[in-house]
Amino acid sequence: MERREWLKCALSPAYFLDTYGYVYDAHERDWIRFRLWPAQYGVLQRFLDNRLVVVLKARQLGLSWLSVGFALWLMQFRPAATVLFFSKRDDEAVHLLDFRLKGMYERLPGFLRCRAVTKDSGHEWRLSNGSAALAFPTTGGRSYTATLAIVDEADFAPDLQDLLNAVKPTIDAGGRLILLSTADKAKPQSVFKRIYRAARRGESEWLPIFLPWSARPDRDVAWYEAQKRDIEARDGSLDALYQEYPATDEEALAARTSDKRFPFAWLRACYVERGAAGEGFAIPGLSVYEMPRAGRAYVIGADPAEGNPTSDDSAATVLDAEDWAEVASLAGKFEPAVFAAHLASLAEHYNGAGVLVERNNHGHAVLLWLRDNAPNVRRLKGHDGKEGWLSNTKGKALMYDHAADCFRDGSVTIRSPETLAQLASIEGATLRAPEGEHDDRADSFVLALAALKWRSGDAESVVVEAPDLLGE
């Protein structure tokens, strides 16, 4: 009987956890049986079938317990397994190992446990079958080769990129890496969110999983509406609801709205996700959503940067002048001259598109390069009647006010998920991204919108002759 049960557990982590697993219930203040919910069954199978998994989730869905249980299954039935637990703080990582993992192990029947525990501390736990578990803050654990690495609340880790650069090579020989987290609304362009978005688009090896508030069986619409009323009454917005109990991954990924220039509902209504439209020409960092069409006119908004490894990206957005849809986006660490050459290629590719360059320090260099090396490129004028767009207080407000009108009316189409994220993060008070975040793609998008408005004579200052731009 015991041998049969041991074999069943060895073949199925779901059977192992559902039959012999225990979790600590904070309400009951006691350990209770780990009865898997349907959503947990599905996630556990994906843990088993995939090496790289990124999980964006609502709160209190038992995913941390599930990942710990999966780690215990590997240690018991796939020795000698090495499991690394990471969390934002050292004490949180120790809790995963010292309380959760050991607590589950101690409640297993004797025939499912190893002959001995050979090392037992808060940071390291070793079994006689050769398996081991170690706990670290997200600044440690770089010298171990792992069978499984788990990063809990990964979106809140201040140094996730450094951690992944160090840890991912340790699992590349066949190990697994699991990132688990609710969303940190303070960081709409975080490393965790970029990994999830790229995985969702199928652009990486990562498998994306999203679990909404409703993944927990004891939650219904009445429960959700109660949470919604409570949070809105306390906060005056639904930001906390979308962080803790999102219904969609878009809600989870969006920036806070209470202090933002654009309500996320406006942006979401304008967003139409689309993959690559085809091969255009080789520019690194270029995403093409729609190839140029004969007889169509286009404009390009360009936000130049310095181009060194620590600077912001230089970014450009190409919009269709007829339906105001984003057809291409470009971003990268381009020096002004290189960026200007890319703009010239884009302009030529998109039927002689006019280019509106932000006239900052690096923008002057871009305009000079275009003037000297690509005189046929249409250098559009700004609100002051000069080449480029002067982003002083007046200029910044003008272009963002116009963008707000476009998003509210739904007259524009956003296709770049990175641009969507940046637009959603723009703060109302400063018209910039939060400290530590980026707004280069957002600026290039609103610059392109400014080009579409001012070139057509809708504003007091006409910046370019409409017949020249549209070919009329």
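Conventions used here
- Residues numbered from 1 in each chain as written.
- Predicted model: local features only at pLDDT ≥ 70, side-chain atom pairs only at ≥ 80, totals over all residues.
- Heavy atoms only, no water.
- Helix = DSSP H or I, 4+ residues; strand = E, 2+ residues; numbered from the N terminus.
- Buried < 20%, exposed > 50% of the residue type's maximum accessible area, 1.4 Å probe, protein only.
- Contact = heavy atoms within 4.5 Å.
- Areas by Shrake-Rupley, 256 points an atom, 1.4 Å probe, with all protein chains shown as cover.
- Lys, Arg positive; Asp, Glu negative; His and termini not counted.
- Charge placed at Lys NZ, Arg CZ, Asp CG, Glu CD.
- Axes fitted to C-alpha atoms, helices over the stretch in contact; angles between N-to-C directions.
- Parallel < 35°, antiparallel > 145°, perpendicular 65-115°, else oblique.
- Left-handed = near helix turned anticlockwise from the far one by under 90°.
- Salt bridge = Lys/Arg side-chain N within 4 Å of Asp/Glu carboxyl O.
- pLDDT = per-residue confidence, 0-100.
- Expected span 1.5 Å × (residues − 1).

## Brief notes about the overall build of the protein
Alright, step 1. Check the secondary structure of the protein and you find 17 helices and 16 strands.
Alright, step 2. Expressed along its principal axes, the backbone C-alpha trace of the protein runs to roughly 85 × 45 × 35 Å.
Alright, step 3. Evaluated residue by residue, the protein yields a buried proportion of 53% over its 472 residues.
Alright, step 4. Contacts spanning at least 24 positions in sequence make up 68% of the contacts within the protein whose residues lie at least 6 apart.
Alright, step 5. For the protein, the exposed surface amounts to about 20,100 Å²; the carbon and sulfur share of it is 47%.
Alright, step 6. Averaging the locations of the 57 positively and 67 negatively charged side chains of the protein gives two centres separated by 5 Å.

## A closer look at the packing of helix α2 (residues 13–20) against helix α4 (residues 63–77)
How two helices sit against one another is set out by the angle between their axes and by the gap between those axes.
Alright, step 1. It is at 10 Å that the axes of α2 and α4 come closest, and there the two elements cross at 110°. Accordingly, the angle class assigned to the pair α2 and α4 is roughly perpendicular. Helix-helix and strand crossings are classified by hand; for α2 and α4 the assignment is right-handed. In contact with Pro13, Phe16 and Leu17 of α2, α4 contributes Leu66, Gly69, Phe70, Leu72, Trp73 and Phe77.

## Examining the side chain of Glu251
Alright, step 1. By secondary structure assignment, the location of Glu251 is in helix α10 (residues 249–253).
Alright, step 2. Within the buried core, Glu251 has no salt-bridge partner, and the shortest N-O distance to an opposite charge, that of Arg268, equals 4.3 Å.
Alright, step 3. With residues up to four places along the chain from it excluded, the contact list for Glu251 reads Lys185, Tyr224, Tyr242, Pro246 and Arg268.

## Remarks on the confidence of the model for the protein
Alright, step 1. Here the protein shows a mean pLDDT of 89. Residues at 70 or above account for 94%.
Alright, step 2. For the stretch residues 456–472, pLDDT sits under 50, and the model shows 32 contacts to residues farther than four places along the chain or on other chains.

## Quick word on helix α3 (residues 38–49)
Alright, step 1. Over its 12 residues, α3 extends 17 Å from the first C-alpha to the last, a length consistent with the 16 Å expected when each residue adds 1.5 Å.
Alright, step 2. Contacts made by the buried residues of α3 are with α2, β3 (52–57), α4, β9 (176–181) and β10 (207–211).

## Here we look at the pattern of salt bridges
Alright, step 1. Summed over the entire model, instances satisfying the criterion amount to 30 salt bridges.
Alright, step 2. One salt bridge connects Lys8 with Glu5, and the closest N-O pair in it is separated by 3.6 Å. Of this pair, Lys8 and Glu5 both sit in helix α1 (residues 2–11), three residues apart, roughly one helical turn.
Alright, step 3. The partly exposed category is assigned to Lys8, whose relative accessible area is 38%.
Alright, step 4. Overall, the relative accessible area of 7% leaves Glu5 in the buried class.
Alright, step 5. Because the salt bridges share partners, they merge into one network encompassing Glu290, Arg293, Arg296, Asp320, Glu322, Asp323 and Arg415.

## A closer look at unusual backbone geometry
Alright, step 1. With omega at -5°, the peptide bond leading from Pro79 into Ala80 counts as cis.
Alright, step 2. Summarising the element assignment, Ala80 is placed in the loop between α4 and β4 (82–87).
Alright, step 3. Its identity as a non-glycine residue notwithstanding, Glu153 has a phi of 50°, on the positive side.
Alright, step 4. By relative accessible area, which is 22% here, Glu153 ends up partly exposed.

## Digging into the environment of Val338
Alright, step 1. Within the secondary structure, Val338 is located in helix α12 (residues 336–349).
Alright, step 2. On the accessibility criterion, Val338 (38% relative accessible area) is partly exposed.
Alright, step 3. Along the sequence, Val338 and Ser314 sit 24 residues apart, while their C-alpha atoms lie 10.0 Å from each other.

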